[in-house]
Amino acid sequence: MAIKYEKLIPRFLGYVKQNTRSDENSTTIPSTKRQTVFLEKLADELKEIGMEDVKIRKVDSYLTAKLPSNLDKDVPVLGLISHIDTADFNSENVKPKIVEDYDGKSVINLDDKGEYTLDPAVFPSLKNYAGQTLITASGDTLLGSDDKSGVAEIITAMEYLIGHPEVKHGEIKIGLGPDEEIGTGAKHFDVKDFGADFAYTVDGGPVGQLEFETFSAASLKVHITGKDVHPSGAKGIMVNSLLIANEFQSALPADEVPEKTDGRDGFFLLCDEQGSIDHTDMNYIIRDFERDGLKSRKDKVTEIVKSLNDKYGEGTVKIDMGDQYYNMYDVMKDHMEVVHLAEQAMKNLDIEPDEAPVRGGTDGSTISFMGLPTPNLFAGGENMHGRFEYVAEESMEKAVDVILEIIKLNNDNKK
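Treat the numbers as computed from the prediction; the structure is a model and nothing was measured.

**Q** I tried to follow the pairing of strand 1 (residues 52-56) on my own but got confused; where do I start?
**A** The side chains of a regular strand alternate, first on one face of the sheet and then on the other. Note that strand 1 and strand 2 (residues 63-67) share 3 bridges and pair antiparallel. By the bridge assignment for strand 2, Lys55 is matched with Thr64. Linking strand 1 back to strand 2 in an antiparallel pair, the connection comprises 6 residues, with Ser61 at a positive phi of about 65°.

**Q** Mind showing me how you'd approach the environment of Ile135 here?
**A** Tracing the backbone through its elements, the reader meets Ile135 in strand 7 (residues 134-136). Classification of Ile135 as buried rests on a relative accessible area of 0%. Ile135 sits 146 residues away from Asp281 along the chain, and the two C-alpha atoms are 37 Å apart. Every residue in contact with Ile135, bar those within four places of it in the chain, is listed here: Ile9, Phe12, Leu13, Pro96, Lys97, Ile98, Leu143, Glu389, Tyr390 and Val391.

**Q** Which parts of the structure should I look at to understand the environment of Ala218?
**A** Tracing the chain through its elements places Ala218 in strand 11 (residues 216-225). Judged by its relative accessible area of 0%, Ala218 is buried. Linking Ala218 and Leu294, residues 76 residues apart in sequence, is a C-alpha distance of 7.6 Å. Ignoring sequence-local partners within four residues, the contact set of Ala218 consists of Ile285, Ile286, Arg287, Leu294, Lys298, Gly322, Asp323 and Gln324.

**Q** Would you mind showing me how to read the UniProt feature "active site" (unreviewed entry) in the protein here?
**A** Taking the numbering used here, the UniProt-annotated feature "active site" (unreviewed entry) corresponds to Asp85 and Glu180. Look at the named residues: they lie 96 residues apart in sequence, but the longest C-alpha span between them is just 6.7 Å, so in the fold they bunch up. Along the chain, the position of Asp85 falls in the loop between strand 3 (78-83) and strand 4 (97-99). With respect to the helices and strands, the residue Glu180 is situated in the loop between strand 8 (172-177) and helix 4 (191-194). Of the residues examined, Glu180 reaches a relative accessible area of 10% and is grouped as buried. The contacts of Glu180, once residues within four sequence positions are left out, are His83, Asp85, Gly185, Asp203, Gly361, Thr362 and Asp363.

**Q** What exactly am I supposed to notice about the domain arrangement of the protein here?
**A** A common way to state how big an interface is: give the accessible area lost once the parts meet. When the domains of the protein are assigned, the result is domain 1 (7-213 + 328-411) and domain 2 (219-325). The straight-line distance from the C-alpha centre of domain 1 to that of domain 2 is 34 Å. Taken together, the contacts link 12 residues of domain 1 with 13 residues of domain 2. Carbon and sulfur atoms supply 42% of the area buried between domain 1 and domain 2, which totals about 900 Å² over both sides.

**Q** What's the story with the sheet that holds strand 10 (residues 210-211) in this structure? I'm lost.
**A** Through backbone hydrogen bonds, the strands of a sheet pair up, either in parallel or in antiparallel fashion. Ordered in space as 1-2-8-3-9-15-10, the 7 strands form an open sheet in which the pairing is mixed. Each edge of the sheet is formed by a strand with only one pairing partner; in this case those strands are strand 1 and strand 10. Across 3 bridges, the pairing between strand 9 (residues 198-204) and strand 15 (residues 376-378) is parallel. Within strand 15, the residue paired with Val202 across the bridge is Leu377. The sheet strands contacting helix 8 (residues 336-348) are strand 9, strand 10 and strand 15, and the helix crosses strand 9 at an angle near 55°.

**Q** I would appreciate a short explanation of the sheet that holds strand 16 (residues 390-392) in the present structure.
**A** In space, the 3 strands of this open sheet follow the order 4-7-16, with antiparallel pairing throughout. If you trace the sheet from one side to the other, it starts and ends with strand 4 and strand 16, each paired once. Neighbour-to-neighbour, the strand axes of this sheet turn through a mean angle of 25°, independent of strand direction. Pairing of strand 7 with strand 16 involves 3 bridges; the strand directions are antiparallel. The residue of strand 16 that forms the bridge with Thr136 is Tyr390.

**Q** Could you clarify how one ought to interpret the pattern of salt bridges in this entry?
**A** For side chains of opposite charge, pairing can occur when their charged atoms come near one another. For the coordinates displayed, the defined rule picks out 21 salt bridges. The residue Lys4 makes a salt bridge to Glu397 at a minimum N-O spacing of 3.0 Å. Placement of Lys4 in the segment before helix 1 (8-16) and of Glu397 in helix 10 (residues 393-409) is noted, with a sequence separation of 393 residues between them. You can call Glu397 buried: its relative accessible area is 13%. A salt bridge links Lys311 to Glu247; the nearest nitrogen and oxygen atoms lie 3.1 Å apart. Placement of Lys311 in helix 6 (residues 291-312) and of Glu247 in helix 5 (residues 241-251) is noted, with a sequence separation of 64 residues between them. Given the relative accessible area of 55%, Lys311 is considered exposed. Judged by its relative accessible area of 26%, Glu247 falls in the partly exposed class. Salt bridges sharing common partners tie together Lys7, Arg11, Glu45 and Glu159.

**Q** I'm lost on the UniProt feature "binding site: Zn(2+) 1" (unreviewed entry) in the protein in this one. Help?
**A** Residues annotated in UniProt with the feature "binding site: Zn(2+) 1" (unreviewed entry) correspond here to His83, Asp146 and Asp203. Across 121 residues in sequence, these annotated residues keep their C-alpha atoms within 8.2 Å of one another, forming a single compact spot. Here His83 lies in strand 3. In contact with His83, other than residues within four places in its own chain, are Asp146, Asp147, Val151, Gly177, Glu180, Glu181, Asp203 and Asp363. A distance of 3.0 Å separates the side chain of His83 from the side chain of Asp146, its partner in a polar contact. One can find Asp146 in helix 3 (residues 145-163). Note on Asp146: relative accessible area 10%, which makes it buried.

Scoring rules and cut-offs
- Residues numbered from 1 in each chain as written.
- Predicted model: local features only at pLDDT ≥ 70, side-chain atom pairs only at ≥ 80, totals over all residues.
- Heavy atoms only, no water.
- Pairing = 2+ DSSP bridges.
- Helix = DSSP H or I, 4+ residues; strand = E, 2+ residues; numbered from the N terminus.
- Buried < 20%, exposed > 50% of the residue type's maximum accessible area, 1.4 Å probe, protein only.
- Contact = heavy atoms within 4.5 Å.
- UniProt positions renumbered as here; feature names shortened; annotations may be inferred.
- Domains from an automatic or database assignment.
- Buried area = accessible area lost by both parts, 1.4 Å probe.
- Axes fitted to C-alpha atoms, helices over the stretch in contact; angles between N-to-C directions.
- Salt bridge = Lys/Arg side-chain N within 4 Å of Asp/Glu carboxyl O.
- Polar contact = N/O pair within 3.5 Å; in protein donor to acceptor, adjacent residues only side chain to side chain.

See the structure below:
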């Protein structure tokens, strides 16, 4: 019979009610004070359940803790990592809703007016959850399953091991960090202090996801300066930055956008645009699975900027463009034993591993390049980063099962 983790869902429901949204415009670590407040609460919880060496590190603001080995031999130290921030969507006053014994076909009203719904005709993944208990938001916020599911699952797994000392395990380190959603959280991660030999982020989607290949990623900010004069005398003088912004966007490949790509296709995504005749700012993300492909996309941007500045005058269009992370497979291909361990754990639990390349990234991408191989395990969430996010209770329970099974299998590894 499957283990019932009684505190898992109450723990998760408590977490999602706390606003931990990150802020890409901030220069602090963490980017928001509310993340520090949540980390402090989690630190108290870790101490209460019996974790050791609990601390919030100054260098990277990660909350780390240790569960000592209860084996009579040395095995590799396993790390479990998750992030506590939520994406760039309203996360104030989250009111989770529980839908018990979902039938897999009904439309779920998120808000009282029925303006926002989870409809299987629009979200076919709902059909996979017949007979299960779903947790959703209430229409005006995200849920926060990304990645408070992972946080709850890791802490629940630790609590289970502490409460069941008969279950043998090696030393386990956990790391709960900020600012993953804005791509900065893991950049300062102290691998040496963490002290693990290998790790997993618990930050994936539906049951079975096991990700060890990600996008390579870059960010792009475009700044366009126009010249605003009264339209009555604008001929030959006015420069409309909004129209130049349109030219910039139109010069990018029209079909290389998320809504028209899948599989191993890369893309350019315009995330935000704010402007007037006088000045326009555009924010993009650029993605490609290949490092050379990412470079080609950045070169394309540089060419467009040069062309527009040749047309409208030097300095009209300026950009801030930089790499965020690279495809973790560049590292993981030499450490596939870490992947195989997770594969075997899932198979032992009758879960079929889904190893499709992730069309995104995780903190594990950055951390792997720091020397700690860190593939990504499923946490259970669907439709992340918006009001239609949901997670099944059963998916979260299976995530805890997989974590515990990996820990047990690691007992047979040599240090």
